[in-house]
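Reading the structure
As a plain string of letters, each chain reads:
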Amino acid sequence: MGSESKIEIHNFKDEEVAAQEEIWNIILGFTRTAVVKCAIELGIPDILENRESPMTLADLASELKCSQASLYRIMRFLIHCKVFQEKPVSEPCVGYTQTPLSRLLTRNGKHSMAVLVLVLES
């Protein structure tokens, strides 16, 4: 096999990997938007905005009247997307706090984009 054939095969594999990455971005793009919409509808950004200190999962689940296990999965995803952040509360407990991104998702924030997310995702 000549060097040109190896380069063509290598380029094809690079293109195929790039195409697969793009498909995953499309798939996860919908997921990301849906989870952010869920957080807005639950009022998570607003609840955290009104707190002066990080809020534990147990406290947040109690406030929302929802399952801690389900809320944990949602929060993990949103932390991964940098919508919220974790901060230590006490050993071994962590709490959730706002980020500049999540402040834009409060319903009545000065520069809120929550309505835009809700309208575009409906």
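Everything below is about the structure printed above this text.
Residues numbered from 1 in each chain as written. Predicted model: local features only at pLDDT ≥ 70, side-chain atom pairs only at ≥ 80, totals over all residues. Heavy atoms only, no water.

Here we take up the nonpolar core. Grouped together as the largest cluster of nonpolar side chains are 25 residues, with contacts concentrated most on Ile44, Leu60, Leu71, Met75, Leu78 and Phe84. Of all the secondary-structure elements, those providing two or more residues to this core are α1 (3-42), α2 (44-49), α3 (57-64), α4 (68-80) and α6 (114-120). When near neighbours in sequence (up to four residues on either side) are disregarded, Phe84 contacts Ala39, Ile44, Pro45, Leu48, Met75, Leu78, Ile79, Thr97, Gln98, Thr99 and Ser102. (Core = buried A, V, L, I, M, F, W, Y, C linked by side-chain atoms within 4.5 Å. Buried < 20%, exposed > 50% of the residue type's maximum accessible area, 1.4 Å probe, protein only. Helix = DSSP H or I, 4+ residues; strand = E, 2+ residues; numbered from the N terminus. Contact = heavy atoms within 4.5 Å.)

Strands pair in a sheet through their backbones, by hydrogen bonds, and they do so in one of two ways: parallel or antiparallel. The 3 strands lie next to each other as β1-β3-β2, forming an open sheet whose pairing is antiparallel. Two strands in the sheet have a free side with no partner beyond their single neighbour: β1 (55-56) and β2 (84-90). Strand contacts of α4: β2 and β3 (93-98), with the helix running at about 115 degrees to β2, the strand carrying the most contacts. (Pairing = 2+ DSSP bridges. Axes fitted to C-alpha atoms, helices over the stretch in contact; angles between N-to-C directions.)

Before going further, it helps to spend a moment on the side chain of Ser102. Note that Ser102 resides in helix α5 (residues 100-103). According to the relative accessible area criterion, Ser102 is buried, its value standing at 0%. A polar contact is formed between the side chain of Ser102 and the backbone oxygen of Val83, at a distance of 3.3 Å. A distance of 2.8 Å separates a polar atom in the side chain of Ser102 from the backbone nitrogen of Thr99. Apart from residues no more than four positions distant in its own chain, Ser102 is found in contact with Pro45, Val83 and Phe84. (Polar contact = N/O pair within 3.5 Å; in protein donor to acceptor, adjacent residues only side chain to side chain.)

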